[in-house]
Amino acid sequence: QKDVIQESLPIIMWLASQRSENGGFRSSQDTVIGLQALAKFAELSNAAMSKRTELTIVIGKGRSNIRKIRFREDNKMTVKEVHLTPEVGKYKIKWNGVGVAFLQMISEYHITGKEYEPIFMLQAAAATYKGLLTVKVAFRLPEESSSTMYLLELASPTGMVFTKSLVEGQLQMTDGGFSVIKRYDIKRGGQQLHLYVDPATKLKDIELNIPMDSKFDVTYRMAAQVSLIDYYNPSKRQTVFYSMDESETGFEKY
C-alpha cells in the first residue's frame, strides 16, 4: 500500500494545485470528484501510518516572522489557518515529525496606478417596462473564459421585492436576455435575486429588464447593489449601484 501512495503522490499534488483559493475546483462536478479523490488519498495514507500523527509545520521569513502549525492524533482531520505578515520575499516551509498534511498558500494583492476596463461592462438603472417598475441590467461576458457559471446578484430597493411570478414571466421570454438564465433563486423574502447565467451563450451584449413589486412607498431610497460574479472564481466580479430616484437615461456604449 505504501507503493500505491508513493505512485499516487504526483497525481495528488497536481490535483491539489487545481483548487481555487476557496478550496473548490472549476465546477460543482469537478469539486465533488476532486474532493472525493483527496479524501480517499487521506484515508489510505492515514491507514498506512505505522505511528500516531505528531507533525509540526513551520512557516517563516527570517527570524522574526515565524508561524507554527501542529497536528496530533486528536486533531489531524482539522483545517488550520495562519495569516502571514504581508512582506515581499521568500517564505520557508519546514516540517518534522510523523504524519501527512496538505499545505496551501494563498496570496492576494492589488495593483494600483493602472487603468482597467470593467470586467463585465456591467450597468444598471431603474426603468419602466410594460408598466412595471424594473431594474434594467446590461452586461457583456468575456469572449475567452473558462468559467462554467456566472452569478448575477441583485438587491431590491427598500419597499420593493422580487417575486416568483414576475421573474417566471420574464423567463418565459426566450427571444431576449432572459434566454441566458439557467435558473434563479429569490432570497431574503424577495429582497435579493440570484440569476445564474449560462457562459456558453452566443449573445454578445445581454440586457435584462427585471420587474419588482412595490410593497410600500419610501422617500429617498438608498441605492441598491447589482453584482456579476464568476461563480467559481469570485475574485472576478464587478459591482454597480442603481437608484429608483434616478431613472434610466441610456446606458453607456462600450
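One can find the structure itself at the top, above this paragraph.
The structure presented is a predicted model; accordingly, all values stated were derived computationally and were not measured.

Quick notes on the rules
Residues numbered from 1 in each chain as written. Predicted model: local features only at pLDDT ≥ 70, side-chain atom pairs only at ≥ 80, totals over all residues. Heavy atoms only, no water. Helix = DSSP H or I, 4+ residues; strand = E, 2+ residues; numbered from the N terminus. Buried < 20%, exposed > 50% of the residue type's maximum accessible area, 1.4 Å probe, protein only. Contact = heavy atoms within 4.5 Å. Patch = residues over 30% accessible without salt bridge, like charges linked within 9 Å, V, L, I, M, F, W, Y side chains within 5 Å. Areas by Shrake-Rupley, 256 points an atom, 1.4 Å probe, with all protein chains shown as cover. Salt bridge = Lys/Arg side-chain N within 4 Å of Asp/Glu carboxyl O. Phe/Tyr/Trp six-rings, centres within 6.5 Å; stacked < 30°, edge-to-face > 60°. Lys NZ or Arg CZ within 6 Å of the ring centre and 35° of its normal. Pairing = 2+ DSSP bridges. Axes fitted to C-alpha atoms, helices over the stretch in contact; angles between N-to-C directions.

Undergrad: Before we go on, may I ask you to explain the environment of Met149 in this structure?
TA: Locating Met149 in the fold gives a position in the loop between strand 5 (132-139) and strand 6 (150-155). Owing to a relative accessible area of 15%, Met149 belongs among the buried residues under this scheme. For Met149 and Gly159, which are 10 residues apart along the polypeptide, the C-alpha to C-alpha distance reads 30 Å. With residues up to four places along the chain from it excluded, the contact list for Met149 reads Lys182, Tyr196, Val197, Pro199, Ile229, Asp230, Tyr231 and Tyr232.

Undergrad: What am I meant to see in a nonpolar patch on the surface here?
TA: Residues Ile93, Trp95, Leu103 and Met105 make up a contiguous nonpolar surface patch of roughly 430 Å² in combined accessible area. As for its position among the elements, Met105 is in the loop between strand 3 (92-98) and strand 4 (123-129).

Undergrad: Is there a simple way to think about unusual backbone geometry in this case?
TA: Leaving glycine out, the prevailing phi sign among residues is negative, and the prevailing peptide bond configuration is trans. In the Ramachandran plot, Met121 falls in the positive-phi region, its phi being about 55° despite a non-glycine side chain. Positionally, Met121 belongs in the loop between strand 3 and strand 4. Backbone geometry places Arg188, a non-glycine residue, at a positive phi of 55°. Turning to its location among the elements, Arg188 is positioned in the loop between strand 8 (181-187) and strand 9 (192-197). Looking at Arg188, the relative accessible area reads 56%, which means it is exposed.

Undergrad: What should I look at first to understand the packing of aromatic side chains in this one?
TA: Geometry of an aromatic ring pair is reported as the spacing of the ring centres plus the angle between the planes. Throughout the structure, instances matching the rule amount to three aromatic pairs. Consider the rings of Tyr196 and Tyr231, whose centres lie 6.1 Å apart with planes at 65°: the pair is edge-to-face. On the criterion of sequence distance, the pair formed by Tyr196 in strand 9 and Tyr231 in the loop between strand 12 (224-230) and strand 13 (237-242) is long-range, its members being 35 residues apart. Connected via pairs of aromatic rings, a cluster forms that spans Tyr196, Tyr231 and Tyr232. Over the ring of Phe71 we find Lys80, and its NZ or CZ is 6.0 Å from the ring centre. In this arrangement the basic side chain of Arg183 is found over the ring face of Tyr196, its NZ or CZ atom lying 4.1 Å from the centre.

Undergrad: Quick question: what am I supposed to make of the sheet that holds strand 4 here?
TA: By definition, the strands of a sheet pair up through backbone hydrogen bonds, in either a parallel or an antiparallel sense. An order of 4-5-10 is seen for the three strands of this open sheet, with the pairing classed as antiparallel. Of all strands in the sheet, those bounded by a partner on one side alone are strand 4 and strand 10 (206-211). The sheet shows a mean angle of 30° between the axes of neighbouring strands, taken without regard to direction. As defined by bridge partners, strand 5 adjoins strand 10 across six bridges and the pair is classed as antiparallel. Pairing of Ala138 across the sheet is with Glu207, part of strand 10.

Undergrad: Help me out: how do you make sense of the side chain of Thr31 in this one?
TA: Tracing the backbone shows Thr31 in helix 2 (residues 28-47). Leave out the neighbours within four places in its chain, and Thr31 touches Gly24 and Phe25.

Honestly, it's all geometry; don't read function into it.
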